[in-house]
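# Understanding the architecture of this molecule
So you can see what is in the structure, the chains are spelled out below.
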Amino acid sequence: MSPNIRRMTSREVEQVLSRHGFELVSQHGSHRKWRHQDRRLQVIVPEHKGKTLPLGTLRNILMNAQIPDEEWKS
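Now for a quick tour of the structure. Computed from a prediction, not measured in an experiment: that's the story for all the values here.

Of the two faces of strand β2 (residues 31-36), only the one carrying Arg32, Trp34 and His36 is buried; His31, Lys33 and Arg35 on the other face are not. Where strand β1 (residues 23-28) and β2 come together, five bridges link them in antiparallel fashion. For Ser26, the partnering residue across the bridge sits in β2 and is Lys33. Pairing of β2 with strand β3 (residues 41-46), which is carried by six bridges, proceeds in the antiparallel orientation. From the neighbouring strand, Trp34 faces β3, where its bridge partner is Val43. Connecting β2 to the antiparallel partner β3 that follows it, the hairpin turn spans four residues, and Arg40 within it adopts a positive phi of roughly 55°.

Written as structure tokens, this is what we have:
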């Protein structure tokens, strides 16, 4: 059985992205665009006042950003 996804807020996700070389490039309303120039990847992170992100949204962001499983699975 695969490990569970660790619940995270958008701020925690942004810290993980930053550690892996992503940079904040723009914001439109409550959505922030993060980009990794070398790997040509881009993800959008919704900001909703410190609430944890829905698991599907969280999984989608981190998989599309190619973040290693040990960073976000417990």
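Further remarks concern the environment of Ile5. Within the secondary structure layout, Ile5 lies in the segment before α1 (10-19). Given the relative accessible area of 22%, Ile5 is considered partly exposed. Put simply, Ile5 and Leu55 are 50 residues apart on the chain and 7.2 Å apart in space, counted from C-alpha to C-alpha. Aside from chain neighbours lying at most four places away, what touches Ile5 is Leu55, Leu58, Arg59, Trp72 and Lys73.

The backbone phi angle of Lys49 is positive, close to 50°, even though this residue is not glycine. By the element assignment, Lys49 lies in the loop between β3 and α2 (55-64).

Thresholds applied
Residues numbered from 1 in each chain as written. Predicted model: local features only at pLDDT ≥ 70, side-chain atom pairs only at ≥ 80, totals over all residues. Heavy atoms only, no water. Buried < 20%, exposed > 50% of the residue type's maximum accessible area, 1.4 Å probe, protein only. Helix = DSSP H or I, 4+ residues; strand = E, 2+ residues; numbered from the N terminus. Pairing = 2+ DSSP bridges. Contact = heavy atoms within 4.5 Å.

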